Amino acid sequence: MKYDFLIVGAGLFGATFAYEAKKKGYKCLVIDRRNHIAGNIYTCERQGIQVHEYGAHIFHTNNKYVWDYVNQFANFNHFRNSPVAIYEDEVYNLPFNMNTFNKMWGVITPEEAKQKISKQIIEYGVNEPQNLEEQAISLVGIDIYQKLIKGYTEKQWGCKTTELPPFIIKRLPVRFTYDNNYFNDTYQGIPIGGYTQIIEKMLEGTDIELNVDYFNERDYYDTLADKIIFTGMIDEYYNYCYGELEYRSLNFEHEVHDKINYQGNAVVNYTESTVPYTRIIEHKHFDYGKQEKTIITKEYPSKWQQGDEPFYPINNESNNQIYEKYKLLAKKESNVIYGGRLASYKYYDMDDIIIEALKCSQKNL
Ligand code: UDP
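Residues numbered from 1 in each chain as written. Predicted model: local features only at pLDDT ≥ 70, side-chain atom pairs only at ≥ 80, totals over all residues. Heavy atoms only, no water.

J.: Break down the sheet that holds strand E14 (residues 294-303) for me, citing the residues and quoting the values.
T.: Strand pairs in the sheet, formed through backbone hydrogen bonds, run parallel or antiparallel to each other. The strand order across the open sheet formed by seven strands is E7-E6-E12-E13-E14-E11-E15, and the pairing between neighbours is mixed. In this open sheet, the two strands that pair with only one neighbour each are strand E7 (90-93) and strand E15 (312-313). Where strand E12 (residues 267-270) meets strand E13 (residues 279-282), three bridges bridge the pair, whose relative direction is antiparallel. If you follow Asn269 over to E13, its bridge partner there is Arg279. Here helix H5 (residues 132-157) sits on the sheet and contacts strand E6 (84-87), E7, strand E11 (247-257), E12, E13, E14 and E15; the angle it forms with E6, its principal contact strand, is near 95°. (Pairing = 2+ DSSP bridges. Helix = DSSP H or I, 4+ residues; strand = E, 2+ residues; numbered from the N terminus. Contact = heavy atoms within 4.5 Å. Axes fitted to C-alpha atoms, helices over the stretch in contact; angles between N-to-C directions.)

Okay, here's the thing in structure tokens:
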């Protein structure tokens, strides 16, 4: 055996594990299907701008240990995500806060906003929210649901809000203060110089092979190491024996514009159903860039099929049941360790991934 660990996937989970393993003197081989490292946090410099090639990634955490950990690999700026939402020709601040309520209804005090929302909840008649529509209305009332949530969510997930679980919308804060910070976390920022350098530094001194599809050469790669860290799709690992898990995919359209400032903000959401994309990212604003040109990315949600990039697991009951079956198979493996968003079939923020990878390394190294 040439290696202690074969790590399938050069994303944040695999790279964190590889870094910890290297520190303890283990030898790893990291392989990835793509032609670059860093998975979905990959950023690439174009026109002097760090472009988030797989959608906006904003680092945020409450965990001081994790914050110090990532700061070993990059300096972070003080970026705070304050997206705006455009519905027809109206512009609203996100997440839902006093600025949003003031623009929607003209209310000024938290008390007035709460009264307005309570009245709308009573009119709609929700008690225990059973789906995303009911959950959204019970948090912010009908007007905000109709203008800022319904269209966006149905584009994002490709189904009715009444068919989606309530928890998805609970990711967004609702605040009765004039605070446009999208996240509640204490530590937030964007790495100056992009995310790819973080993964590069984590993988320094570790063997990496890119453009390698593990599933095409599984027999060969399995012979190279004692243990495997698998960060890909768990259903693919088991050859879809219990059926396919569903994902939502995204298509990105990058455009270079010959102007300094295209939209005045890093993230602008388009919440009406007739605009085909959900949001436009203007990358230079993540780093307060002063470049002559600008790069924007339109994000189009799309139906996922085998061969597409899986972005969001669709954690409904039937998929979760299938996942549980794969998990039982996974538990029986003595040489394979699963980790990351795809193998766990779970939406993870970057800090969660680091925590999971550190726990995994403590247990297995
Ligand atoms: N959402 C919405 N309107 C918005 C932004 C978000 O209705 O303008 C809902 C939507 O259902 C989405 C969920 O909130 O799936 C979570 O949004 P978040 O911004 O956390 O999604 P991500 O950035 O992870 O795609």
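Next comes the rest of the write-up.
J.: Break down the packing of aromatic side chains for me, with residues and values.
T.: Here the structure, examined in full by the defined rule, presents 35 aromatic pairs. The interplanar angle of 85° and the centroid separation of 4.9 Å between the aromatic rings of Tyr19 and Phe73 together place this pair among those described as edge-to-face. Taken together, the residues Tyr19 in helix H1 (residues 12-23) and Phe73 in the loop between helix H2 (64-71) and E6 connect sequence positions 54 residues apart. Overall, the relative accessible area of 4% leaves Phe73 in the buried class. Centre to centre, the rings of Tyr247 and Tyr345 are 5.4 Å apart; their planes meet at 85°, and the pair counts as edge-to-face. Residue Tyr247 is located in strand E11, and its partner Tyr345 is located in the loop between helix H10 (340-344) and helix H11 (350-364); the two are separated by 98 residues in the primary sequence. The exposure classification of Tyr247 matches that of Tyr345, with both residues buried. What links up through ring pairs into an aromatic cluster is the set Tyr214, Phe215, Phe230, Tyr237, Tyr238, Tyr242, Tyr326 and Tyr338. Residue placement shows Lys103 over the ring face of Tyr92; its charged tip is 5.6 Å from the ring centre. Geometry around Phe176 places Lys114 over its ring, the cationic atom sitting 4.9 Å from the centre. (Phe/Tyr/Trp six-rings, centres within 6.5 Å; stacked < 30°, edge-to-face > 60°. Buried < 20%, exposed > 50% of the residue type's maximum accessible area, 1.4 Å probe, protein only. Lys NZ or Arg CZ within 6 Å of the ring centre and 35° of its normal.)

Just geometry here; none of it tells us what the structure is for.
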